[in-house]
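# Descriptive analysis of the structure
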Amino acid sequence: NAGVMQNPRHLVRRRGQEARLRCSPMKGHSHVYWYRQLPEEGLKFMVYLQKENIIDESGMPKERFSAEFPKEGPSILRIQQVVRGDSAAYFCASSPRQGGQETQYFGPGTRLLVL
Amino acid sequence: AQSVSQHNHHVILSEAASLELGCNYSYGGTVNLFWYVQYPGQHLQLLLKYFSGDPLVKGIKGFEAEFIKSKFSFNLRKPSVQWSDTAEYFCAVRGSSASKIIFGSGTRLSIRP
C-alpha cells in the first residue's frame, strides 16, 4: 500500500518563475493537507482540501499561492512568481476523514529552492 | 495563541542513555497530541499519539509519552537510546474537532555510537 507521494522531491526555480508541487494521497484518502517548513522551523499549516473543495486555507499567504484537489488526479500547490523567501520544504499529508480520531500521514516533501 | 514549544533544539546523547524531550502546548479545549519523527532523508512518521484515555502512551521503537493536562505537557521518553534513533523529533497538537496540526520547531537528536 503506497504511502503519500509527492513530486518532485527537489525543485529549483529562479525568482519570478512558477512552482507546481504535486501530492497523491494514500489510497482511500480523500482529505489532503499542505504544510510548509521554513529552515530551522517547524511545519506550518497552509491549507486543507477535500476533493474539489478548499475547506480551510487560513495558513495560505494571501497572494501568489493557490491549491486545488481535483476530482481526478493529485492535489497541486501552485506558487506564482516565486521569491527567495518561498524556499522551504513543502509537505503534504492525507487522511481518510476529517479531524476526530484521524491520523494524518505525511509524504516525503518537496524541497523548493528559489535562486 | 495556539502554539507548541519544544525546549531543546539539539540534544546529543551516547548510546544506552535515557532520553526525555520536552514539549509544552498552548491550546484551548480538548486536544489530540502527537510526536512525529523524521529520520535523515526520510518523511515524517508518526511515533505515537494521544487522543483520550490513559495519559501514558506507548509508541513504536520503545518510545512513550505522558500527557500531563495540568502542565500542558506531552514529553517524549525512551529508557535507552540507540544510534538509529538519530533523527528530528516534532511534537504537535490538534484540537479534537479541528483539522490542522500545529507543530513545534523540532528537536534534533544526535546519538554518539
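Scroll up for the structure.
Just so you know, these numbers come straight off a predicted model, no measurement behind them. (Residues numbered from 1 in each chain as written. Chains lettered and ligands numbered in written order. Predicted model: local features only at pLDDT ≥ 70, side-chain atom pairs only at ≥ 80, totals over all residues. Heavy atoms only, no water.)

### Considering the overall build of chain B
- Within chain B, the regular secondary structure consists of zero helices and 12 strands.
- For chain B, the α and β elements follow one another from N to C terminus as β-β-β-β-β-β-β-β-β-β-β-β.
- In terms of overall dimensions, chain B is globule-like: its C-alpha atoms have a radius of gyration of 13 Å, near the 13 Å expected for 113 residues.
- The principal-axis extents of the C-alpha atoms in chain B amount to approximately 40 × 25 × 20 Å.
- Split into buried and exposed, the 113 residues of chain B put 48% on the buried side.
- Once local pairs closer than 6 in sequence are excluded, the contacts in chain B between residues at least 24 apart make up 55%.
- By element, 52% of the accessible surface of chain B is carried by carbon and sulfur atoms, the whole surface being about 5,200 Å². (Helix = DSSP H or I, 4+ residues; strand = E, 2+ residues; numbered from the N terminus. Rg over C-alpha atoms; globule rule 2.2 N^0.38 Å. Buried < 20%, exposed > 50% of the residue type's maximum accessible area, 1.4 Å probe, protein only. Contact = heavy atoms within 4.5 Å. Areas by Shrake-Rupley, 256 points an atom, 1.4 Å probe, with all protein chains shown as cover.)

### Brief notes about the nonpolar core
- Formed by 30 residues in total, the largest nonpolar core has its most connected members in Trp35, Leu48, Leu76 and Tyr89 of chain B.
- Apart from the residues within four sequence positions on either side, Leu76 of chain B is in contact with Leu19, Glu20, Leu21, Trp35, Leu47, Leu48, Phe63, Glu64, Ala65 and Tyr89 of chain B.
- Residues Cys23, Val32, Trp34 and Cys92 of chain A belong to the second largest nonpolar core, which totals 23 residues. (Core = buried A, V, L, I, M, F, W, Y, C linked by side-chain atoms within 4.5 Å.)

### Overview of the pattern of salt bridges
- The tally for this structure, following the rule as stated, stands at eight salt bridges over all chains.
- Across the pair Lys44 of chain A and Glu41 of chain A runs a salt bridge, and its minimum N-O distance is 3.7 Å.
- Under the relative-accessibility criterion, Glu41 of chain A is labelled partly exposed at 32%.
- Across the salt bridge formed by Glu66 of chain B and Arg77 of chain B, the nearest N and O atoms sit 3.4 Å from each other. (Salt bridge = Lys/Arg side-chain N within 4 Å of Asp/Glu carboxyl O.)

### Some details on the interface of chain A and chain B
- Between chain A and chain B, the residue contacts involve 23 residues of the former and 20 residues of the latter.
- At the junction of chain A and chain B, the tally comes to zero salt bridges.
- In this assembly, chain A and chain B are joined by five residue pairs in polar contact (both at pLDDT 80 or more).
- Only β4 (31–37) and β5 (43–50) of chain A provide two or more residues apiece to the side of chain A that touches chain B. (Polar contact = N/O pair within 3.5 Å; in protein donor to acceptor, adjacent residues only side chain to side chain.)

### Concerning the environment of Phe51 of chain B
All names here are of chain B.
- Take Phe51: it is sitting in the loop between β6 (44–50) and β7 (56–58).
- On the accessibility criterion, Phe51 (12% relative accessible area) is buried.
- Measuring from C-alpha to C-alpha, the distance between Phe51 and Gly95 comes to 10.0 Å, with 44 residues separating the pair along the chain.

### Remarks on the pairing of strand β9 (residues 73–78) of chain B
Residues and elements named next belong to chain B.
- Here β9 lies mainly inside the structure; five of its six residues are buried.
- Bridge count between strand β3 (residues 19–21) and β9: three bridges; the pairing is antiparallel. Across the sheet, residue Glu20 finds its bridge partner in β9, namely Arg77.
- Sheet analysis places strand β8 (residues 64–68) next to β9, joined by five bridges and oriented antiparallel. For Glu64, the partnering residue across the bridge sits in β9 and is Arg77.
- Hairpin connection of β8 to β9: four residues between the antiparallel strands, including Phe72 at a positive phi of 50 degrees. (Pairing = 2+ DSSP bridges.)

By themselves, these are just geometric observations and shouldn't be taken as functional.
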